[in-house]
Amino acid sequence: MIRLNDLLGKIRETENISFSSVHTPDRMVNRVEFLTTDTVPDTETLYLVNGRNTLKNHHLQERILELAEPALILTDKTQELPFPLILAQGITDIKQLFSDILQRLRFEEQIQFETNELYHLLYVGKGLSDIVLYAQNLLGRAVSVLDAGYTMLAVSPMMRELPFGVESSDAGDFLSEQEVESLRRLQIEQQIYQHTQAFFIRTEDHPDTNWIFCAIRIQHVMSGYVAVCLPGKADATEHELRLTSVISDICAVEMQKHDFFAHQTGLQYETFLTDLLEGRFTNLSMIESRFKVLNRHLGKFFCLAILYCSEPHNSELFNERQMASLRNTYPGSMSVVYKNNIVLLMNQDTPVLLRPDLIRPLAQFALQNHLKVCLSQPFADILKISIFYEQAQHTLELSDLNSPDQLIYFSTEALPFYLFSKCSYEELETGIHHHIFQLRDYDREYHTEFITTLRAFLTHNRNVTQTAEYLHVHRSTLFYRMKKIEELLEVDLSDSHLLFLYELSLQIWGYLSR
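Predicted, not measured: the structure shown is a model, and the values here were computed from it. (Residues numbered from 1 in each chain as written. Predicted model: local features only at pLDDT ≥ 70, side-chain atom pairs only at ≥ 80, totals over all residues. Heavy atoms only, no water.)

Novice: So what about the nonpolar core? Which residues, and what values?
Specialist: Core analysis: the biggest nonpolar cluster contains 52 residues, and Phe213, Tyr225 and Leu277 have the highest contact counts within it. Broken down by element, the residue count for this core peaks at five residues, all from helix 13 (residues 385-402). Setting aside its immediate chain neighbours within four residues, Leu277 contacts Leu304, Val336, Tyr338, Val343, Ile385, Ser386 and Tyr389. With 28 residues, the next largest nonpolar core counts Leu118, Val132, Ala234 and Ile250 among its residues. (Core = buried A, V, L, I, M, F, W, Y, C linked by side-chain atoms within 4.5 Å. Buried < 20%, exposed > 50% of the residue type's maximum accessible area, 1.4 Å probe, protein only. Helix = DSSP H or I, 4+ residues; strand = E, 2+ residues; numbered from the N terminus. Contact = heavy atoms within 4.5 Å.)

And the structure:
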């Protein structure tokens, strides 16, 4: 089945035939037949007139007029009739024209069948790998699917047999650095971005092969591409080009099924950064190679900022301009919308110091976009990025519950609570020093305030003057209470190690009492 206008366009290209008075050009054509006086016409068939007198038959005219829509009748003879005709000029052989149209309809039927089979894989297949394998079987060509960061998401067996292109590691398959350089130097990458359909190209770097490329677009953003390899002397057929475009559309749907937010901003490194956050890389040299391919310098020091968004997914927060302004504020950084949050990777050659001048632009961005921010602990081992991401994400969730009005949270400040959250209630309770329970019980029985006094002393940096002012008591009263605590517990409160254990115990107690 094909649109009438598309069918006539193909005839115009191959037969040098022109058309006029074309009515209902968007009508779908399913069959082609010669019109005879015995024809029972329908609205999905294109009828060719082989003889002037055929249309003069009154019974045939009555059957044509009974149709809900005008019949699609193609002729090169102008006639006065009560229904419209498609007039053609330049027909030299009506039987050859019939044969060409029939062949075109069969071709469209084949394309539609193969398209349906590919779309069916969205329901019964096992992701991109099945789509690529079926595409190879249909085309008889090597096929691969890459994201915008040159990660090879799926590679057909024939593609793996090529002596170039694929670079493999524990983190997966990638387009080699040499091939990325070739795509850029030959401006193939630019053409992939510009074309809306599959296109054919010869590459001087690989004279033994030719290629078909087609961009994969998600929400009009270029999120990857399909690459089909052809033998060196083979030109791309219409079937190969059409099917590659279909494969691209299907890959876009499949990619959205599993990672709807992975490609909102269209940045080349988004999938690479996502893989880093998920801990899929175990080889530093491979990470360095990917940074280079993506025109990024791998620094020595890092920090993650997670910007929490509570707004709907179609919020203006996720548009490219705002993301670009955030990256411009932090040169060398990468950002991605990951699990409904913005994740910014700060990447520099000097240690990341969480000073006001570093934090202020981030806080301003968060305030303008109604976000909350959590900064991970600065780190120097990029291979541990997934651990620091998980810590920062968990810190953000914990801190947001305790301080919902706060704008910026720091993983370092919330480190005890993060560690506490990793233990069960019983495990934490056993981590409280027994002296704390002893003081609690004493306070309950004798109505003293030893726990309150000890907590205030530790909270105010073990400073007697500040503690007394906070408790609204005289210094001598504070000294008396401290002396009584020492006598009750038989300890020396000048012991810094013991005070550390008390402080940790009180933090655990506070965490469990929330």
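After presenting the structure, the write-up continues.
Novice: So what's going on with the sheet that holds strand 2 (residues 18-20)? Which residues, and what values?
Specialist: Backbone-to-backbone hydrogen bonds join strands into a sheet, with any given pair of strands oriented parallel or antiparallel. Taken together, five strands build an open sheet; the order of strands is 2-7-6-5-4 and the sheet is mixed. Each edge of the open sheet is held by one strand with a lone partner, namely strand 2 and strand 4 (31-35). Across the sheet, the axes of successive neighbouring strands diverge by a mean angle of 30°, strand direction being ignored. Bridging between strand 6 (residues 72-75) and strand 7 (residues 86-89) involves two bridges; their strand directions are parallel. Directly across from Leu74, in strand 7, lies its bridge partner Ile86. Strands strand 2, strand 5 (45-49), strand 6 and strand 7 of the sheet are contacted by helix 1 (residues 4-15), whose axis makes an angle of about 145° with strand 2. (Pairing = 2+ DSSP bridges. Axes fitted to C-alpha atoms, helices over the stretch in contact; angles between N-to-C directions.)

Novice: Can you break down empty space enclosed by the protein residue by residue, with the values?
Specialist: All told, the structure shown has two cavities of 30 Å³ or more when counted by the stated rule. If you add up the space inside the largest cavity, you get close to 220 Å³. As for the largest cavity, its lining consists of 19 residues, and the residues nearest its centre are Leu175, Glu179, Leu183, Trp211 and Phe213. Elements that contribute at least two residues to the lining of the largest cavity include exactly strand 8 (142-147), helix 6 (177-185), strand 13 (209-218) and strand 14 (221-231). When its residues are assigned to classes, the lining of the largest cavity shows 12 nonpolar, five polar and two charged. Residue lining of the second largest cavity: Asp147, Ala148, Tyr150, Glu189, Ile192, Tyr193, Met222 and Tyr225, and that is the complete set. Taken together, the elements giving at least two residues each to the lining of the second largest cavity come down to helix 7 (188-194) and strand 14. Looking at the lining of the second largest cavity, the element that brings in the most residues is helix 7, giving three residues. Tallied by class, residues from the lining of the second largest cavity come to six nonpolar, no polar and two charged. (1 Å grid on protein atoms, 1.4 Å probe; cavity = no way out; pocket = protein on both sides within 12 Å on 5 of 7 lines; lining within 4 Å. Points joined across faces, edges and corners; volume = space filled by probe spheres on them. Nonpolar A, V, L, I, M, F, W, Y, C, P; charged D, E, K, R; others polar.)

Novice: Please set out the side chain of Ser333 residue by residue, giving values where relevant.
Specialist: Here Ser333 shows up in the loop between helix 11 (320-329) and strand 16 (334-338). One polar contact links the side chain of Ser333 to the main-chain carbonyl oxygen of Tyr330, over a distance of 2.6 Å. Those residues in contact with Ser333 that sit more than four places away from it in its chain are Tyr269, Arg296, Arg327, Leu344, Leu345 and Met346. (Polar contact = N/O pair within 3.5 Å; in protein donor to acceptor, adjacent residues only side chain to side chain.)

Novice: Tell me about the environment of Ile382, and name the residues and values.
Specialist: Within the secondary structure, Ile382 is located in the loop between strand 18 (371-375) and helix 13. On the accessibility criterion, Ile382 (4% relative accessible area) is buried. The contacts of Ile382, once residues within four sequence positions are left out, are Leu284, Ile287, Phe302 and Leu345.

Novice: Explain the sheet that holds strand 15 (residues 301-309) to me, and be specific about the residues and the numbers.
Specialist: Ordered in space as 16-17-15-18-19, the five strands form an open sheet in which the pairing is mixed. The open sheet terminates on both sides in strands that have one partner only, identified here as strand 16 and strand 19 (408-410). Shown here is a sheet whose adjacent strand axes are inclined to one another by a mean of 20°, direction ignored. As judged from the five bridges shared by strand 16 and strand 17 (residues 341-348), these two strands associate in the antiparallel manner. Note that in strand 17 the partner of Tyr338 across the bridge is Asn341. Strands in contact with helix 9 (residues 270-277) are strand 15, strand 16 and strand 17; relative to strand 16, the strand with the most contacts, it is inclined by about 75°.

Novice: A description of the environment of Thr78 should follow, citing residues and the corresponding values.
Specialist: Within the secondary structure layout, Thr78 lies in the loop between strand 6 and strand 7. Judged by its relative accessible area of 62%, Thr78 falls in the exposed class. The spacing of Thr78 and Ala88 is 10 residues in sequence and 9.4 Å in space, taken between C-alpha atoms. Aside from chain neighbours lying at most four places away, what touches Thr78 is Arg52 and Leu87.

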